[in-house]
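Chain and residue survey
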Amino acid sequence: MNPQAKLIFTVSLLLGTTITITSNHWIMAWTGLEINTLAILPLISKSHHPRAVEAATKYFLVQATASALILFSSMTNAWHTGQWDIAQLTHPTSCLILTAAIAMKLGLVPFHFWFPEVLQGTSLTTGLILSTAMKFPPITLLFLTSHSLNPSMLTTMAILSAALGGWMGLNQTQIRKILAFSSISHLGWMAIIICYNPKLTLLNFYLYTLMTTAVFLTLNTMKAVKLTTLMTTWSKSPSLNTALLLTLLSLAGLPPLTGFMPKWLILQELTKQDMTPMAVLISLLSLLSLFFYLRLVYCTAITLPPHTTNHMKQWHISKPTNIWIAIATTLSVTLLPLSPTLLALT
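Bear in mind the structure is a predicted one, so any value in this text is a computation, not a measurement. (Residues numbered from 1 in each chain as written. Predicted model: local features only at pLDDT ≥ 70, side-chain atom pairs only at ≥ 80, totals over all residues. Heavy atoms only, no water.)

Some thoughts on the overall build of the protein
Looking only at helices and strands, the protein features 16 helices and zero strands. A globule of 346 residues ought to have a C-alpha radius of gyration of about 20 Å, and the protein, at 20 Å, matches this closely. For the protein, the spread of C-alpha atoms along the principal axes amounts to about 75 × 50 × 35 Å. Scored against the burial criterion, the 346 residues of the protein give a buried share of 51%. Counting only contacts in the protein whose residues sit at least 6 apart along the sequence, the fraction spanning at least 24 positions is 77%. Roughly 15400 Å² of accessible area belongs to the protein as shown, and the carbon and sulfur atoms make up 71% of that amount. Side chains of the protein carry 17 positive and 6 negative charges; the gap between the two charge centres is 19 Å. (Helix = DSSP H or I, 4+ residues; strand = E, 2+ residues; numbered from the N terminus. Rg over C-alpha atoms; globule rule 2.2 N^0.38 Å. Buried < 20%, exposed > 50% of the residue type's maximum accessible area, 1.4 Å probe, protein only. Contact = heavy atoms within 4.5 Å. Areas by Shrake-Rupley, 256 points an atom, 1.4 Å probe, with all protein chains shown as cover. Lys, Arg positive; Asp, Glu negative; His and termini not counted. Charge placed at Lys NZ, Arg CZ, Asp CG, Glu CD.)

Here it is, written out as structure tokens:
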């Protein structure tokens, strides 16, 4: 892709996100979401492969539908209350339609079918943007309207997302699809707590973004998109593979890594809200996700590829690791002791 075109699309993404997260008016928020959608489409389809074009088409149709629903929801609310302010969403039907629209934009169950397919049709770099930056504006809208949303509906969607995100990722061999189902599962954890403690949802999203960035950048450096490719990377870059192993375990939420922090705080908050059965259920469902993370870890570090030569190491030219991978991986592994500080900052 032309560097100037790529720059324009990247600036448009930043502009769209900024407009949405800083706006108080529904029309401005909708405009920001539309700019985001139109800016990411050329990045998805830039390879001109049929799968990429298909992914871009699916993404456009889903996001356009969700944007139309957001507009319809805000107009219905304005019709009944006379308010266009995002924080003043009070009409029950509007709240219901908005929850469905945001769930569609994020990829929450039962509106999740598009996300694994779109992620599979794009490059790892675009997949990273879709999994992190593109979810920030909808999460912000959820945060701003959290006091008006229906807790029962969000809890149901969250439990289903945690269940299906873990269940459907079990038999996947494509890494991008595994990470897509991982994202759906993490969204379940964010959605279940949004009505009770919205700040925890934002903290969870920030840490998820950090860990996912580390994983995607590492995989992009290794050029690994399938489990079979991942099995052959240990002999090429053992240190990078070790870093990936730790980041994946952090993404799974194992202590004493960073990923344990949001899960621990969310379970604590659910228990305070007398939702102990939900806390137990979502904890058990996270074991499904843990299984496919461990499968990735096994392929990364424990299996060695069959080789016919006497020399185990494959021929490779060592190149310096990207500084951003080093920073993201370090933060993905070591932030748990700073939990009180991070909680105070959010």
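Quick notes on a nonpolar patch on the surface
The grouping of Ile 323, Trp 324, Ile 327 and Leu 331 at the surface amounts to a nonpolar patch, some 410 Å² of accessible area in total. With respect to the helices, strands and loops of the structure, Ile 327 is situated in helix α15 (residues 323-334). Residue classification places Ile 327 among the partly exposed positions, given a relative accessible area of 37%. (Patch = residues over 30% accessible without salt bridge, like charges linked within 9 Å, V, L, I, M, F, W, Y side chains within 5 Å. Salt bridge = Lys/Arg side-chain N within 4 Å of Asp/Glu carboxyl O.)

Topic: the packing of helix α1 (residues 3-22) against helix α7 (residues 136-144)
One way to put it is that α1 packs onto α7 with a least axis distance of 9 Å and a crossing angle of 0 degrees. Taken as axis vectors, α1 and α7 run roughly parallel relative to one another. Within the contact between the two elements, α1 uses Thr 17, Thr 20 and Ile 21 and α7 uses Phe 136, Pro 137, Thr 140 and Leu 141. (Axes fitted to C-alpha atoms, helices over the stretch in contact; angles between N-to-C directions. Parallel < 35°, antiparallel > 145°, perpendicular 65-115°, else oblique.)

Quick word on the domain arrangement of the protein
When cut into domains, the protein gives domain 1 (1-149) and domain 2 (154-308 + 318-345). Here the C-alpha centre of domain 2 lies 23 Å away from the C-alpha centre of domain 1. If you look at the interface, domain 1 gives 29 residues, while domain 2 gives 35 residues. Across the domain 1/domain 2 interface, buried area totals approximately 2800 Å², and carbon plus sulfur atoms make up 79% of it. (Domains from an automatic or database assignment. Buried area = accessible area lost by both parts, 1.4 Å probe.)

Some thoughts on the nonpolar core
Ranked by internal contacts, the top residues of the largest apolar core, which has 100 residues, are Tyr 59, Leu 130, Leu 219 and Leu 230. The element best represented in this core is helix α10 (residues 198-222), accounting for 13 residues. For this core, the two domains that each supply at least three residues are domain 1 (1-149) and domain 2 (154-308 + 318-345). In contact with Leu 130, other than residues within four places in its own chain, are Ile 40, Ile 44, Tyr 59, Phe 115, Val 118, Leu 119, Thr 122 and Lys 135. (Core = buried A, V, L, I, M, F, W, Y, C linked by side-chain atoms within 4.5 Å.)

Remarks on the environment of Gly 253
Considering the arrangement of structural elements, one finds Gly 253 in the loop between α12 (238-252) and α13 (260-272). Sequence separation of Gly 253 and Trp 264 is 11 residues, and the distance between their C-alpha atoms is 8.8 Å. Aside from chain neighbours lying at most four places away, what touches Gly 253 is Gly 259, Phe 260 and Lys 263.

What about the confidence of the model for the protein?
Mean pLDDT for the protein: 91, with 95% of residues reaching 70 or above. Predicted confidence for residues 308-312 stays below pLDDT 50, and this span has three contacts to residues more than four positions away or in other chains. (pLDDT = per-residue confidence, 0-100.)

Regarding the side chain of Arg 176
Mapping Arg 176 onto the fold places it in helix α9 (residues 175-193). Despite its burial, Arg 176 pairs with no opposite charge, the nearest such side chain being Glu 117 at 11 Å. Sequence-distant contacts of Arg 176, that is, excluding residues within four places in its chain, are made with Leu 119, Gln 120, Thr 122, Ser 123, Leu 124 and Val 225.

Quick word on the UniProt feature "domain: NADH:quinone oxidoreductase/Mrp antiporter transmembrane" (unreviewed entry) in the protein
Mapped onto the present numbering, the UniProt feature "domain: NADH:quinone oxidoreductase/Mrp antiporter transmembrane" (unreviewed entry) falls at residues 23-288. In residues 23-288, the share of helix is 74% and the share of strand is 0%. The end C-alpha atoms are 38 Å apart. (UniProt positions renumbered as here; feature names shortened; annotations may be inferred.)

Looking at α7
Within α7, the full set of buried residues consists of Pro 137, Pro 138, Ile 139, Thr 140, Leu 141 and Leu 142. If you follow the buried residues of α7, they end up packed against α1, α2 (26-44), α4 (92-106), α9 and α10.

Things to note about the UniProt feature "transmembrane region" (unreviewed entry) in the protein
Residues annotated by UniProt as "transmembrane region" (unreviewed entry) correspond here to residues 56-76, 96-115, 152-171, 178-199, 205-222, 243-266, 278-302 and 323-345. In residues 96-115, the share of helix is 65% and the share of strand is 0%. The end C-alpha atoms are 22 Å apart. In this annotation, residues 205-222 is assigned 100% helix and 0% strand; the end-to-end C-alpha distance for the span is 26 Å.

Things to note about the packing of α13 against helix α14 (residues 276-302)
Here α13 crosses α14 at 155 degrees, and the two axes come no closer than 7 Å. Here α14 runs roughly antiparallel to α13, going by the angle between their axes. Pair α13 / α14 crosses with right-handed handedness. Residue-level inspection shows Lys 263, Leu 267, Leu 270 and Thr 271 of α13 in contact with α14, the latter providing Thr 276, Ala 279, Ile 282, Ser 283 and Ser 286. (Left-handed = near helix turned anticlockwise from the far one by under 90°.)

Describing the packing of aromatic side chains
Aromatic ring pairs are defined here through the distance separating the ring centres and the angle between the ring planes. Using the criterion set out here, one finds seven aromatic pairs in the structure. Plain terms: the ring middles of Trp 114 and Phe 115 are 5.4 Å apart, the flat faces sit at 70 degrees to each other, and that makes the pair edge-to-face. No difference in accessibility class separates Trp 114 from Phe 115, as the two residues are buried. When the centroid spacing of 5.1 Å and the interplanar angle of 45 degrees are considered together, the rings of Phe 292 and Tyr 293 count as tilted. A relative accessible area of 0% means that Phe 292 is categorised as buried. Among the aromatic residues, those joined into a cluster by ring pairs are Tyr 59, Trp 114 and Phe 115. Lying over the aromatic face of Phe 115, Lys 135 brings its terminal NZ or CZ to 3.8 Å of the ring centre. Above the ring of Trp 189, the side-chain terminus of Lys 263 is found at 5.1 Å from the ring centroid. (Phe/Tyr/Trp six-rings, centres within 6.5 Å; stacked < 30°, edge-to-face > 60°. Lys NZ or Arg CZ within 6 Å of the ring centre and 35° of its normal.)

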